[in-house]
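# Residue-level structural notes
Take a look at the letters that make up each chain.
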Amino acid sequence: MAYEQVLKRSNSIADSMPDALKQSRYHMKRCFARFVARGKRLLKLQHIMEEVEKSIEDKQNRSKVLEGLLGYILSSTKEAAVVPPYVAFAVRPSPGFWEFVKVNSKDLSVDSITAPEYLKFKEMILDENWANDENALEIDFGAIDFSTPRMTLSSSIGNGVSFISKNITSRLHGKPESAKSLLEYLQAINHQGEDLMINATLDTVSKLQNVLVAAEVFVSALPKDAPFRNFEQRFKEWGFEKGWGNTAERVKESIRILSEVLEAPEPAKLELLFSRLPTIFNIVIFSPHGYFGQSDVLGLPDTGGQVVYILDQVRALEEELLLRIKQQGLVVKPQILVVTRLIPDARGTKCNQELEPIINTKHSHILRVPFRTENGVLRQWVSRFDIYPYLERFAQDATAKILEHMECKPDLIIGNYSDGNLVASLMASKLGITQGTIAHALEKTKYEDSDAKWKELDSKYHFSCQFTSDIISMNSADFIITSTYQEIAGSKDRPGQYESHTTFTMPGLYRVVSGINVFDPKFNIAAPGADQSVYFPYTERQRRLISFHPAIEELLYSKEDSNEHIGYLADRKKPIIFSMARLDTVKNITGLTEWFGKNKRLRSLVNLVVVAGFFDPSKSKDREEIAEIKKMHALIEKYELKGQIRWIAAQTDRYRNGELYRCISDTKGAFVQPALYEAFGLTVIEAMNCGLPTFATNQGGPAEIIVDEISGFHIDPNNGDESSNKIADFFEKCKLDPENWDKISKAGLQRIYECYTWKIYANKLLNMGAVYGFWRQLNKDQNIAKQRYIHMFYNLQFRNLARNLPIPSEGPEQPTPAA
Ligand code: UDP
Ligand code: LCN
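Report follows, based on the coordinates. (Residues numbered from 1 in each chain as written. Chains lettered and ligands numbered in written order. Predicted model: local features only at pLDDT ≥ 70, side-chain atom pairs only at ≥ 80, totals over all residues. Heavy atoms only, no water.)

Attention shifts here to the packing of aromatic side chains. Tallied over the entire structure, the rule returns 49 aromatic pairs. Relative to Trp-238, the ring of Phe-235 has its centre 5.7 Å away and its plane inclined at 70°; by these criteria the two rings are edge-to-face. Of this pair, Phe-235 and Trp-238 both sit in helix 13 (residues 228-238), 3 residues apart, which is roughly one turn of that helix. The exposure class of Phe-235 is buried, given its relative accessible area of 0%. (Phe/Tyr/Trp six-rings, centres within 6.5 Å; stacked < 30°, edge-to-face > 60°. Helix = DSSP H or I, 4+ residues; strand = E, 2+ residues; numbered from the N terminus. Buried < 20%, exposed > 50% of the residue type's maximum accessible area, 1.4 Å probe, protein only.)

Right, dumping it as structure tokens:
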């Protein structure tokens, strides 16, 4: 900690490292000699530490070095590129902040280097010709996006809307032409050609200010609940149209807010103003890949939380839109379209149906548009990794269908995941519409060196297409919605998913000098929730879905194996630790099973129930899933778990799943999410909504959802013994003091209500749509320049890469790597 402060004060590693090296010169000479002894290579943190250990054998001396500034620099290093006699370090002292230095191993001299210089060091190891090519392609979004204001504090990352509001406010303050842009913006607000808020007669800011004063006086004299239509005519004479509010009171508030913004703007008022303006009625949400449906799709390859998230998001957005429209005094039907691909070979799902109303909404639909190639419509499902050749045509076909269905342009386009975001970018730039993107999980950080070693992985994963597409979408988006801070800028030790796109190289393809900047105010955190009509506390007895209880009783406790479950629970008095996930390696259900198997104390305290995948490997098409199925069987055998474990096959009924979480709560059990990495983790908030104490991975989103030891517990997926003991300690403590269980259960619920609800989410998202809509208008010229750069990148890179991907002929599907 002390060294972080020292470093921050002295500002640069290049400044402080020489002295630090000098102080341990003898050891460091040996250490650097080891680094370079094996020639060119890439070192990760653990290799660096291994070399340090080998070169400073004496423990005491070693700790002395490692406790000092040098130890701090080395442990903040994410990677080092060794090109003798140099060792180039990529150091990340805190989230979002990187520094690059090269050290000469002969004399320990230190020089600061730029990010591209560091990347070239790396390329020298991987592809020397490319590294030496003076004209190697460099992608530099920073160079064209220089006028966007940037935040400077790590703690501000993800609070884009409030930063933008401050910026707009200061622009409105200073320059009369900015207030004019607000006027023009208000003048352009309409619904299907009908003016809203103000009309063209109010053509100067001062005219507008004057009539606002008169209108406020007028409306103040009316009864608070007088409907807008009673004074609509009078308002028209002033140049005002509908949209101010449904009652005199609401209209008065809106008038006052606008007057105050025009007089002396301040950020909170500005945000409030934008939350009231009737600018968003029609929303398009893209999610092309997978089987996207409302039933019988969960658990299929590529179909997991993203589908749950989008359907819940639509419900929440529609509800919020209807509320806002009512408060604006308008009679308008909002439309939300989720646009996905139509799959003729739908395998019993509704994915071959063009239009499907979304359950529990009034005006929202799933619109399915097929993938077309020169051979006609693609009939079969394709993995998300192979989807790129179809997207351009899909974007064109989908745009035509959307315009036909909506009978107007949408006001906001939101993409999901790499494929949906690319399609959203294409449509938004074509029609000039505000665009938001959501990633759920970016693939780049999931696979070590997925960029540097792209050539090895490309035939399987097509990362060249995916990362190009991701960089295009991130830059074309007006705003980026993330579920957590860590998704953007990671944690102290782990770079964020977006952060990993700042600078990277794919030797032979291009070098990204500046891909995205995590301090860009386009980043916003809006965490999802869980549907609270499905996932509600186990204590709400009158709401409990008791009709499921016989089936759940059978699912958990019957003695015989069936198609749905294997294993049994001999002692049903024990609490249950429960987990539910797709049976992917990264979900680590096998890890949890092994921790349980190994920990006698835990086994004596609780039973284990997991819902995951299938039992029969021949039923799966997915390579990773097949391996995990086999591993599960082997672990049950090895640790003789029968009698203490119940393995239940993937479940598709979320109402029954909700009741299942609650039945686990009835046993005073816990939910365990042991993933090696989890981008967000919907199951974590589902369990917490049901009042089930939750232990979740400290790698990724759950580390932010749960406050350790207060609203649940963090577990380290890479330290099974520690994690299983932490769970055992909890159950031992609960045995002695049952109130301990209630305390965590209640604190989990409190955390959810404060931070993780769809209501909070929908409100934030619609505000983003409005604020960034104005922001893009304020920065029109800058945006055009950026779009031209993106267009060139898309044309010259993406299209060629996508063209090279194989188009499957009709026939058996190929196995796909798992999500
Ligand atoms: N799910 C389900 N049945 C299963 C496994 C998972 O219904 O057999 C649901 C789970 O309740 C959650 C979603 O699928 O709503 C998984 O989302 P999460 O964010 O946990 O992980 P993802 O699959 O998106 O990586
Ligand atoms: C994808 C994931 O991997 C999960 O971590 C998220 O919870 C899910 O999407 C919904 O965003």
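So, next bit.
The next point concerns the sheet that holds strand 19 (residues 510-514). Judged by pairing direction, the sheet is mixed, and its 3 strands sit side by side in the order 6-19-18 without closing on themselves. Looking at strand neighbours, the two that pair on one side only are strand 6 (138-140) and strand 18 (504-506), the edges of this open sheet. Taking the axes of each pair of neighbouring strands and ignoring which way they run, one obtains an average angle of 20° across the sheet. Examined bridge by bridge, strand 18 and strand 19 share 3 bridges and lie antiparallel to one another. The partner of Thr-505 across the bridge, within strand 19, is Arg-511. Contacts from helix 7 (residues 115-126) reach strand 6, strand 18 and strand 19, with the element oriented near 155° to strand 19. Sheet strands touched by helix 20 (residues 463-476): strand 18 and strand 19. Its angle to strand 18, the strand with the most contacts, is close to 140°. (Pairing = 2+ DSSP bridges. Axes fitted to C-alpha atoms, helices over the stretch in contact; angles between N-to-C directions. Contact = heavy atoms within 4.5 Å.)

Spatially, 21-24-23-22-25-26-27 is the arrangement adopted by the 7 strands of the open sheet, whose pairing is mixed. On the outer flanks of this sheet lie strand 21 (565-566) and strand 27 (713-715), each paired with one strand and no other. Examined bridge by bridge, strand 25 (residues 670-673) and strand 26 (residues 694-697) share 3 bridges and lie parallel to one another. Directly across from Gln-673, in strand 26, lies its bridge partner Ala-696. Each of strand 22 (576-580), strand 23 (607-611), strand 24 (645-648), strand 25 and strand 27 touches helix 23 (residues 589-598); the most contacted strand, strand 23, lies at about 170° to it.

Moving on, we get to the state of the cysteines. In total, this model carries 0 disulfides according to the counting rule given. Of all cysteine sulfurs in the structure, the one in Cys-690 sits closest to Cys-755, which takes part in no disulfide; the separation is 18 Å. (Disulfide = S-S within 2.5 Å.)

This part covers the site of ligand 1. Around ligand 1 sit 16 residues, and of these Gly-305, Arg-582, Lys-587, Gln-651 and Glu-686 come closest. With respect to ligand 1, the backbone of Gln-651 contributes an N or O atom lying 2.6 Å from a nitrogen atom. The backbone of Leu-682 places a nitrogen or oxygen atom 2.8 Å from an oxygen atom of ligand 1. Taken by itself ligand 1 offers 540 Å² of open surface, and the protein chains cover 90% of this. Taking a 2 Å distance to the grid points as the criterion, the majority of the atoms of ligand 1 fall inside the largest cavity. (Near = heavy atom within 4 Å. Polar contact = N/O pair within 3.5 Å; in protein donor to acceptor, adjacent residues only side chain to side chain. Areas by Shrake-Rupley, 256 points an atom, 1.4 Å probe, with all protein chains shown as cover. 1 Å grid on protein atoms, 1.4 Å probe; cavity = no way out; pocket = protein on both sides within 12 Å on 5 of 7 lines; lining within 4 Å. Sits in = over half its atoms within 2 Å of the grid points.)

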